[in-house]
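Residue strings, one per chain:
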Amino acid sequence: MASDESTGLAKSAADKLSEMGERTKQLSTAMQDPQRQRQIILVIVCVALLLDNMLYMVIVPIIPDYLADLESEQTAQAHEVVLLNSSVNSTDVGKSSRDNLDIQIGVLFASKAILQLLVNPLTGTFIDRVGYDIPLMIGLFIMFISTCIFAFAENYATLFVARSLQGLGSAFADTSGIAMIADKYTEEAERSRALGIALAFISFGSLVAPPFGGILYEFAGKRVPFLVLACICFADGMLCFTVLKPFSDRARENMPVGTPIYRLMIDPYIAVVAGALTTCNIPLAFLEPTIANWMETTMNASEWEIGLTWLPSFFPHVLGVYITVKLAAQYPHLQWFYGAVGMIIIGASSCTVPACKTFGQLIAPLCGICFGIALVDTALLPTLAFLVDVRHVSVYGSVYAIADISYCVAYALGPVVAGQIVHDLGFVQLNLGMGLANVLYAPALLLLRNVCQLKPSHSERDILLEDGHKGLYDTIKMEERKSKGFSAADHCMPGEENAVEPFGGQAESHLEDYAGPEYN
């Protein structure tokens, strides 16, 4: 009987193992499905972007207070020196300490964006050479190390190293993640929707991080918020390693060579988009380090009001993403218009901020700024991928490195420049200047209107083969050119065989110059 029981247990264990093996096989098969794999990749990238932006903003309520404690110890030591040296004024010592603390906080906040700005050209080229998965894995690993250093840092120098490391990790993870989404979602409507979801995660991370960090810092200490983020980062890295298998032996000889980043930077259409991304993010980047002090002095705002200043803006940001995605699916040729409207909304909202007298009044213009940023980002990020598709080679690392550089310019200048502008000119002048810059830049997006007319066809091959006199005419013209021994590519620089002539004529007037060898 004991033998029968042992046999039954062994059979039951074997059945369970077989069932687990079958489920594992089914899971592996499901993950090989292209649609399912795209969804998993989108989840991995969105979590990476969420983590990066939470780590970027979670230090807002933590670091100033933590550095103030460190500074108070140094101030106490300085006062002891004052007692020994009566010629030194204790008031001057206190003022010097406060000024030093403000400078330290500004440099610490800006160090991430500055390093990210410096290394993005290199990471963009690296991504174009090796693909998107390895840089994403590298970025997640560096972000994990950075978060752990934040948790256990005990002095300013270590915090500065952690913040700078985060910029390096972001240069890899953010750029490769957005580029991977653009690569996996090739249809324009799907690409806009996927990038819109990613932007929603970026917004959520940025806006929910300050209250998240402040609450955990208040009740559990400095380390806990960073350790929670480190665990999520580790889990996302393991999912990336399991699903994407970034270091497996795979042939990359068929991977096309992307257009060098310096040539993308001088592309006039891409330059217009990059300028719009920088300009629209300047109000947010410049208000974040200055609005708290302004709220204290003008409306006697409490700590909880300052902490929740930006949180209501998450909802209009998501609404802006949703509206833009829906409009882009119906009217894809108007992407430039959605961006221009967003910049006008940002400009008007920025000019309204100084007129607010209460916390309730301030919520409306801040929501307007975030709503406008959502319109601009959601409309123009897919446009960058489209411009690369029709004017260069469909490899997206460098072009989204340019987008990341655009963001970093605003966020590197914000903590360093904004305070000085407020000190020299005033908070009102700062907001009026930012609003005017956005309104004046909006008409520049008109230069994209001819390119956006090509969106419904998705590729130059579709344009050449479409029914109707235009497609037939262009096909005949190409055949005539081939019979004469040359093609449209002979008139273009290498890598720009599919270029649309910058800022001239109607879209259809350029179609006869499309050779399209890289997409056939």
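Residues numbered from 1 in each chain as written. Predicted model: local features only at pLDDT ≥ 70, side-chain atom pairs only at ≥ 80, totals over all residues. Heavy atoms only, no water.

A. Just the overall build of the protein, in detail. When helices and strands are tallied, the protein shows 20 helices and 0 strands. Buried residues in the protein amount to 50% of all 520 residues. Of the roughly 23,900 Å² of accessible surface on the protein, 65% is carried by carbon and sulfur atoms. (Helix = DSSP H or I, 4+ residues; strand = E, 2+ residues; numbered from the N terminus. Buried < 20%, exposed > 50% of the residue type's maximum accessible area, 1.4 Å probe, protein only. Areas by Shrake-Rupley, 256 points an atom, 1.4 Å probe, with all protein chains shown as cover.)

B. Structural view of the environment of Ala 412. In this structure, Ala 412 sits in helix H16 (residues 397-424). When its relative accessible area of 9% is taken as the criterion, Ala 412 is described as buried. Considering only alpha carbons, one finds Ala 412 and Ala 113, 299 residues apart in sequence, at a separation of 4.9 Å.

C. Main features of a nonpolar patch on the surface. The grouping of Leu 319, Tyr 322, Ile 323, Leu 327 and Tyr 331 at the surface amounts to a nonpolar patch, some 470 Å² of accessible area in total. Relative to the elements of secondary structure, Ile 323 occurs in helix H13 (residues 314-330). Ile 323 sits in the partly exposed class, given a relative accessible area of 30%. (Patch = residues over 30% accessible without salt bridge, like charges linked within 9 Å, V, L, I, M, F, W, Y side chains within 5 Å. Salt bridge = Lys/Arg side-chain N within 4 Å of Asp/Glu carboxyl O.)

D. Molecular detail of the packing of helix H6 (residues 156-184) against H16. Where H6 meets H16, the closest approach of the two axes is 9 Å, and the angle between their N-to-C directions is 125°. In terms of their interaxial angle, H6 and H16 are classed as oblique. Between H6 and H16 lies a crossing of right-handed hand. Only Gly 397, Tyr 400, Ala 401 and Asp 404 of H16 make contact with H6, whose side of the interface consists of Ser 170, Ala 171, Asp 174, Thr 175, Ile 178, Ala 179 and Ala 182. The residue makeup of the contact of H6 with H16, split by class, is 6 nonpolar, 3 polar and 2 charged. (Axes fitted to C-alpha atoms, helices over the stretch in contact; angles between N-to-C directions. Parallel < 35°, antiparallel > 145°, perpendicular 65-115°, else oblique. Left-handed = near helix turned anticlockwise from the far one by under 90°. Contact = heavy atoms within 4.5 Å. Nonpolar A, V, L, I, M, F, W, Y, C, P; charged D, E, K, R; others polar.)

E. Here's a closer look at empty space enclosed by the protein. According to the stated counting rule, one finds 1 cavity of 30 Å³ or more in the structure shown. Space inside the largest cavity adds up to approximately 590 Å³. Around the largest cavity, the lining is made up of 30 residues, and of these Asn 53, Ile 202, Asn 281, Tyr 407 and Tyr 411 lie nearest the centre. Where the lining of the largest cavity is concerned, the elements lending two or more residues are helix H2 (34-58), helix H4 (90-130), H6, helix H7 (188-220), helix H10 (268-287), helix H15 (359-391) and H16. Element by element, the count of residues in the lining of the largest cavity is highest for H16, at 6 residues. (1 Å grid on protein atoms, 1.4 Å probe; cavity = no way out; pocket = protein on both sides within 12 Å on 5 of 7 lines; lining within 4 Å. Points joined across faces, edges and corners; volume = space filled by probe spheres on them.)

F. Representation of the layout of surface pockets. Taken as a whole, the largest pocket holds about 1,900 Å³ of empty space. Every residue lining the largest pocket is counted, 47 residues in all, and those nearest its centre are Pro 64, Glu 288, Pro 289, Ala 292 and Asn 293. Partitioned by chemical class, the residues of the lining of the largest pocket number 28 nonpolar, 12 polar and 7 charged.

G. Examining the confidence of the model for the protein more closely. Predicted confidence across the protein gives a mean pLDDT of 77, with 72% of residues reaching 70 or more. When the criterion is pLDDT under 50, residues 455-500 qualifies, and its contacts beyond four places in sequence or with other chains add up to 78 contacts. Within the model, the stretch residues 504-520 combines pLDDT values under 50 with 58 contacts to residues more than four positions away or in other chains. (pLDDT = per-residue confidence, 0-100.)

H. Layout of the packing of aromatic side chains. Tallying each qualifying case throughout the model produces 8 aromatic pairs. Ring centres of Tyr 56 and Tyr 411 lie 5.9 Å apart, and the angle between their planes is 90°; this geometry places the pair in the edge-to-face category. You can see Tyr 56 sitting in helix H2 and its partner Tyr 411 sitting in helix H16, a full 355 residues away along the chain. What makes Tyr 411 buried here is its relative accessible area of 15%. (Phe/Tyr/Trp six-rings, centres within 6.5 Å; stacked < 30°, edge-to-face > 60°.)

I. Inspection of the nonpolar core at higher detail. Counting residues in each nonpolar core, the largest one holds 123 residues, and the members touching the most others are Leu 136 and Tyr 400. Setting aside its immediate chain neighbours within four residues, Leu 136 contacts Ile 44, Val 45, Ala 48, Ala 173, Ser 176, Met 180, Cys 240 and Leu 244. (Core = buried A, V, L, I, M, F, W, Y, C linked by side-chain atoms within 4.5 Å.)

J. Region of the structure containing helix H8 (residues 223-244). The terminal C-alpha atoms of H8, which comprises 22 residues, lie 31 Å apart, in line with the 32 Å expected from a rise of 1.5 Å per residue. Buried within H8 we find Pro 225, Phe 226, Leu 229, Ala 230, Cys 233, Asp 236, Gly 237, Cys 240, Val 243 and Leu 244. All buried residues of H8 fall inside an arc of 165° around its axis, so they share one side. Lys 245, located one to two residues past H8, shows a positive phi value of around 45°. (Expected span 1.5 Å × (residues − 1). Arc of directions from axis to C-beta.)

K. Representation of the environment of Val 43 within the structure. Its location among the elements puts Val 43 in helix H2. The exposure class assigned to Val 43 is partly exposed, which follows from its relative accessible area of 46%. In this structure the C-alpha to C-alpha distance between Val 43 and Asp 236, which are 193 residues apart in sequence, comes to 9.0 Å.

L. How the structure looks around H6. Taking 1.5 Å of rise per residue, the 29 residues of H6 would be expected to cover 42 Å, and the 41 Å separating its terminal C-alpha atoms lies within 8% of that figure. Maximum bend of H6: about 30°, positioned at Ser 170. At the N-terminal boundary of H6, the capping side chain belongs to Asn 155, with an oxygen 3.3 Å from the backbone nitrogen of Ala 157. (Bend = angle between axes of the 7 residues up to and from the residue. Polar contact = N/O pair within 3.5 Å; in protein donor to acceptor, adjacent residues only side chain to side chain.)

M. Expanded view of the side chain of Ser 398. Relative to the elements of secondary structure, Ser 398 occurs in helix H16. Reaching out from Ser 398, the side chain makes a polar contact with the side chain of Asp 128 at a distance of 2.5 Å. Apart from residues no more than four positions distant in its own chain, Ser 398 is found in contact with Gly 124, Thr 125, Asp 128, Thr 259, Ile 261 and Leu 264.

N. How the structure looks around the pattern of salt bridges. This structure, assessed with the given rule, holds 6 salt bridges. Of the charged contacts in the structure, one is a salt bridge between Glu 190 and Arg 38, with a shortest N-O distance of 3.2 Å. Placement of Glu 190 in helix H7 and of Arg 38 in helix H2 is noted, with a sequence separation of 152 residues between them. Taking the shortest distance from any N to any O, the salt bridge between Lys 112 and Asp 52 comes out at 3.7 Å.

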